[in-house]
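# Report on the structure
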Amino acid sequence: MKFENVLADINGFGKFQIMIIVISFIGRFTMPCHFMLNNFVAAVPSHHCDISSMDDGGLFRNLSHKEKLIVSIPVQKDGTPSSCEMFAGPQYDLLLNSSDIAELPTVPCQTGWVYDNTTFKSTLTSEWDLVCDRRGKNKATATIFFIGVMFGAMTFGSLSDRFGRRIMLMVSYVSGMLFAVASAFSTTYVMFAVLRFFTGFCITGIVIVSSVLSVEWVDIEHRKLVGVIDSLSWTFGNAVFALIAYFVTDWRRLIVSVTSPLILAIITWRWMPESARWLIANGKLEQAQMYLKKCAKMNQAEKAVDKLKTEVLSTIVVTEKRDRAYSYLDLMRTPKMRKLALSTGTLWFCVATTFYGISFNITGFGLNIYLTQFTYALIEVPAKVSVYFLLDKIGRRSTEVGALLLAAVSLGINIVVPKDMSVVRTVVAVIGKGFSSASFATIVLYSSELYPTVVRQNGMGYNSFMARLGVAVAPMILLLDEVWKDLPQVVLCFAAVFGGLVARTLAETRNRCLPETIEDIEEQGKLILLQEQRG
């Protein structure tokens, strides 16, 4: 007997499932905000050397601000003051002839920097002078956060398979909120970096647990809808984040603002049910029966309550050791399970690298930073709505492969489009963002359907680990423009193509029951191949 049979009796997509989706939506809102937070809290405002040390009490003091800049700071090719250098002393001759400054001696900024506060009231950059030779520390804040996310994904995936989805969701809510708010009160860069690591570590449990909970409670025909809705919560969060960042220009207040929705998530957690699939797989039949009866009652399927006996539920999952604790090692112990883990891990790495490589480049096309963030979020709506129809029309695998290859095409086009055609490049980049978003929306649902119930959370945790590894690498890939301007685009294009090739090797899951045990994966491998050949 399959769990889907039980869901069919109690309505696999009713008010009970909608309640789960809404609660998950509330908790997931803060996730995209924190993932994209570095675009704003670590933004680099226009800046130049602090020239107060040039004031010798004489002529310099009587100059206008514009004249002080002329005699103190060399001009770059675009006509703006240099960001990292200043003259060794006031060059008053430049007031008469500013055309020849090539031979004048320059030194690194001596007494700090002055920042343009027009766009941002305060950022990490201006707070701790993370510019010029300290530029690496600025980029490192994003990487440190995602390394925390990477290890958190593994940890929460394992713990929720061992202790349950529901309790680990609350742990993620509370710990993520505490570390995030604490980071807003950091007094040093090191303190901020450490707290951001733990914020990423704890907050990733929200998406890891909630996505699996949603999928495990719905029937087959509505699984894709839940996957798309969960994905749209990221789109909604990204769009609203652009508006929040526009009005909250102080980095400390911005962190608190985007973290505050977790208070509401904690309040609504009391109505979040435990996964009945997980309870049955772990032999907790009475608790599973309780939640299934609640589901039947809320979905107005009271007639099915009498069928929900523990004796019946005990026949749903049959494992060789019901009380055995599963771990990440189980992903590698058997041949087909090992192949599945290696393939999905590689795919998640490629998808995440492509998606975030495009998402982090919000200043690369000349648009306003807030408008770019909002546009990148907006393009996800048609992309994900298209995914909803394509998942059943052409299948999960074809949708994933197509989205990645089309994202690669967009990245490839921007390599050959001239730099002065900024409008064309921006349009192509936004389209590429849409395709990469579609690939991400697909892979979350696709992966959760590929893994069996007993290790599904471990599998998703491992996949998320690989994805966050890709995200952590993405900021470093963008720095490759110092080697060759188009090298980041080439690397991202290759990642998308390789991901598409890997996705082609995975089994189709459209209209198929979720596997319950590792044995299902091993035994059904040949059956799936036969079905695909006949189809």
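Residues numbered from 1 in each chain as written. Predicted model: local features only at pLDDT ≥ 70, side-chain atom pairs only at ≥ 80, totals over all residues. Heavy atoms only, no water.

### Re the domain arrangement of the protein chain
Put simply, the test is: Each domain's extent is set by a domain assignment, obtained either automatically or from a database.
Under the domain assignment used here, the protein chain contains domain 1 (55–115) and domain 2 (325–534). Once you take the C-alpha centre of each, domain 1 and domain 2 turn out to be 49 Å apart.

### Quick notes on the side chain of threonine 344
We apply this condition: Note on conventions: DSSP H or I runs of at least 4 residues are helices, E runs of at least 2 residues are strands, and numbering of each starts at the N terminus. Here's how the labels work: a residue is buried when its accessible area is under 20% of the maximum for its type, exposed when over 50%, partly exposed in between, all with a 1.4 Å probe on protein chains only. By the convention used here, residues are in contact when the closest approach between their heavy atoms is within 4.5 Å.
Take threonine 344: it is sitting in helix H16 (residues 335–359). Classification of threonine 344 as buried rests on a relative accessible area of 0%. Those residues within four positions of threonine 344 in sequence are excluded, and the remaining contacts are Leu450, Tyr451, Tyr462, Asn463 and Leu506.

### Notes on the nonpolar core
Using the following cut-off: Grouping buried Ala, Val, Leu, Ile, Met, Phe, Trp, Tyr and Cys residues that are joined through side-chain atoms within 4.5 Å yields what is termed a nonpolar core.
In terms of nonpolar packing, the biggest core is built from 120 residues, with Trp217, Phe241, Leu254, Leu292 and Tyr356 touching the most fellow members. Among residues more than four places away in sequence, those in contact with tyrosine 356 are Phe35, Met36, Trp234, Phe440, Arg468, Val471 and Ala474. If you look at the next biggest cluster of nonpolar residues, it comprises 15 residues, including Cys49, Val71, Met86 and Leu94.

### Some points on the packing of aromatic side chains
Under the convention used in this document: A pair of aromatic rings is counted whenever rings of Phe, Tyr or Trp (Trp by its six-membered ring) have centres within 6.5 Å, and the orientation is called stacked for planes under 30 degrees apart, edge-to-face for over 60 and tilted otherwise.
Taken as a whole, this structure holds 31 aromatic pairs when the rule is applied. Here the aromatic rings of phenylalanine 29 and phenylalanine 236 are separated by 5.8 Å at their centres, their planes lie at 55°, and the arrangement is tilted. In this pair, phenylalanine 29 sits in the loop between helix H2 (15–28) and helix H3 (30–35) while phenylalanine 236 sits in helix H10 (residues 220–247), placing the two residues 207 residues apart along the sequence. What makes phenylalanine 29 buried here is its relative accessible area of 11%.

### Observations regarding the side chain of arginine 396
Stated precisely, the cut-off is as follows: N or O atoms closer than or at 3.5 Å make up a polar contact, with two conditions inside protein: a donor-capable atom paired with an acceptor-capable one, and, for residues adjacent in sequence, both atoms drawn from side chains.
You can see arginine 396 is positioned in helix H19 (residues 396–416). On the basis of relative accessibility, which here comes to 1%, the residue arginine 396 falls in the buried class. Reaching out from arginine 396, the side chain makes a polar contact with the backbone oxygen of leucine 391 at a distance of 3.4 Å. Within the local environment of arginine 396, its side chain forms a polar contact with the side chain of glutamate 449, the two groups lying 2.9 Å apart. Ignoring sequence-local partners within four residues, the contact set of arginine 396 consists of Lys224, Leu391, Thr442, Leu445, Tyr446, Glu449, Glu508, Thr509 and Arg510.

### A few points about the confidence of the model for the protein chain
Detailed reading of the predicted coordinates is not advisable wherever pLDDT is low. Heads up, the rule is: By definition, pLDDT measures how confident the predictor is in each residue, and it falls between 0 and 100.
Looking at the protein chain as a whole, its pLDDT mean stands at 86, while 93% of the residues score no less than 70. Note that pLDDT drops below 50 for residues 318–323; the model gives that stretch 14 contacts with residues more than four away or on any other chain.

### What to know about the state of the cysteines
For the record, the criterion: For the purposes of this analysis, a disulfide is any pair of cysteine sulfur atoms at a distance within 2.5 Å.
Applying the stated rule across the entire model yields two disulfides. Sulfur-sulfur distance for the disulfide between cysteine 49 and cysteine 109 comes to 1.8 Å. In this structure, the disulfide formed by cysteine 49 and cysteine 109 twists by about -65° around the S-S bond and is classed as left-handed. Here the residue cysteine 49 occupies a position in strand S1 (residues 47–49), and cysteine 109 occupies one in the loop between strand S3 (106–108) and strand S4 (113–115), the gap between them amounting to 60 residues. With respect to class, cysteine 49 is no different from cysteine 109; both count as buried. Disulfide pairing places cysteine 84 opposite cysteine 132 at an S-S distance of 1.9 Å. Its torsion about the S-S bond being -95°, the disulfide of cysteine 84 and cysteine 132 is classed as left-handed. Placement of the pair is cysteine 84 in the loop between helix H5 (65–72) and strand S2 (85–87) and cysteine 132 in the loop between helix H6 (124–128) and helix H7 (135–163), with a sequence separation of 48 residues. With a relative accessible area of 30%, cysteine 84 lands in the partly exposed category. In this structure cysteine 132 comes out as partly exposed when scored by relative accessible area, which is 22%. Within the protein chain, bonded cysteines paired by disulfides and numbered along the sequence follow the pattern 1-3, 2-4. The thiol sulfur of cysteine 350 is not disulfide-bonded, and the nearest other cysteine sulfur, from cysteine 493, lies at 12 Å.

### Looking at the environment of methionine 36
Within the element layout of this structure, methionine 36 appears in the loop between H3 and helix H4 (38–41). It is 8.1 Å that separates the C-alpha atoms of methionine 36 and serine 359, two residues lying 323 residues apart in sequence. Dropping the residues within four chain positions of it, methionine 36 is found in contact with Asn238, Phe241, Tyr356, Ser359, Phe360 and Gln373.

### Section: the pattern of salt bridges
Using the following cut-off: Salt bridges are defined as contacts in which a side-chain nitrogen from Lys or Arg sits within 4 Å of a carboxyl oxygen from Asp or Glu.
This model, assessed by the stated rule, comprises eleven salt bridges. Measuring nitrogen to oxygen at the nearest pair gives 2.9 Å for the salt bridge that ties glutamate 127 to arginine 252. A residue pair is termed long-range when its members are at least 10 positions apart, and glutamate 127 in helix H6 and arginine 252 in helix H11 (residues 251–259) qualify at 125 residues. Ionic pairing is found between arginine 396 and glutamate 449, a salt bridge with its closest N-O pair at 2.9 Å. Residue arginine 396 is found in helix H19, and its partner glutamate 449 is found in helix H20 (residues 422–450); the two are separated by 53 residues along the sequence. Through salt bridges with shared partners, a single ionic network connects Asp161, Arg165, Glu216 and Arg456.

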